[in-house]
Amino acid sequence: MAVMLGHPAPVGVLPTALIFGLAEAAGFRLQGVGLSRQATDAAPYVVNPVALFLPTARRRRRTADSPTGAVT
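None of the values given here were measured: they were computed from a predicted structure.

**Student:** Quick question: what am I supposed to make of the overall build of the chain here?
**Tutor:** Helix and strand counts for the chain come out as four helices and zero strands. Listing the helices and strands of the chain from first to last along the sequence gives α-α-α-α. Of all 72 residues assigned to the chain, the portion counted as buried reaches 17%. Pairs at least 24 residues apart make up 29% of the contacts formed inside the chain by residues separated by at least 6 positions.

**Student:** What's the story with the pattern of salt bridges in this structure? I'm lost.
**Tutor:** Oppositely charged side chains can form a pair if their charged atoms are brought close together. This model, assessed by the stated rule, comprises one salt bridge. For Arg 37, the salt bridge identified is with Asp 41, shortest N-O distance 3.6 Å. Here Arg 37 pairs with Asp 41, and both are found in helix H3 (residues 37-41), just four residues apart, close to one helical turn.

**Student:** Even after reading the chapter, I still don't get a positive patch on the surface, so can you show me in this structure?
**Tutor:** Where like charges cluster on the molecular surface, the positive patch consists of Arg 58, Arg 59, Arg 61 and Arg 62. Examined against the element boundaries, Arg 58 turns out to sit in helix H4 (residues 43-65). Given the relative accessible area of 46%, Arg 58 is considered partly exposed.

**Student:** Explanation requested: H4 in the structure shown.
**Tutor:** Residues three or four positions apart in an α-helix share a direction because the helix packs 3.6 residues into each turn. Taking 1.5 Å of rise per residue, the 23 residues of H4 would be expected to cover 33 Å, and the 33 Å separating its terminal C-alpha atoms lies within 8% of that figure. Residues of H4 that are buried include every one of Ala 43, Pro 44, Asn 48 and Ala 51, and no others.

**Student:** Explain the side chain of Thr 40 here, please?
**Tutor:** Following the sequence through the fold, Thr 40 ends up in helix H3. If we ignore the near neighbours within four places in the chain, the residues touching Thr 40 are Gly 27, Leu 30, Gln 31 and Leu 35.

Each value, and the rule that gives it
- Residues numbered from 1 in each chain as written.
- Predicted model: local features only at pLDDT ≥ 70, side-chain atom pairs only at ≥ 80, totals over all residues.
- Heavy atoms only, no water.
- Helix = DSSP H or I, 4+ residues; strand = E, 2+ residues; numbered from the N terminus.
- Buried < 20%, exposed > 50% of the residue type's maximum accessible area, 1.4 Å probe, protein only.
- Contact = heavy atoms within 4.5 Å.
- Salt bridge = Lys/Arg side-chain N within 4 Å of Asp/Glu carboxyl O.
- Patch = residues over 30% accessible without salt bridge, like charges linked within 9 Å, V, L, I, M, F, W, Y side chains within 5 Å.
- Areas by Shrake-Rupley, 256 points an atom, 1.4 Å probe, with all protein chains shown as cover.
- Lys, Arg positive; Asp, Glu negative; His and termini not counted.
- Charge placed at Lys NZ, Arg CZ, Asp CG, Glu CD.
- Expected span 1.5 Å × (residues − 1).

Right, dumping it as structure tokens:
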């Protein structure tokens, strides 16, 4: 997933992998606070659709804002 979002370039994959790693770590931290294991195991899976949605929404907004309807 990180490679898909990072557009197979090290500069793109590294921040994407860090985001997923932070989501995994946040799940472990939340488990220490007292949330159930099932809820904390879902943290990376919640980040995944959000990470896929944001670049798509940004691209669509750029396309809608351009006068010709094409991405520049």
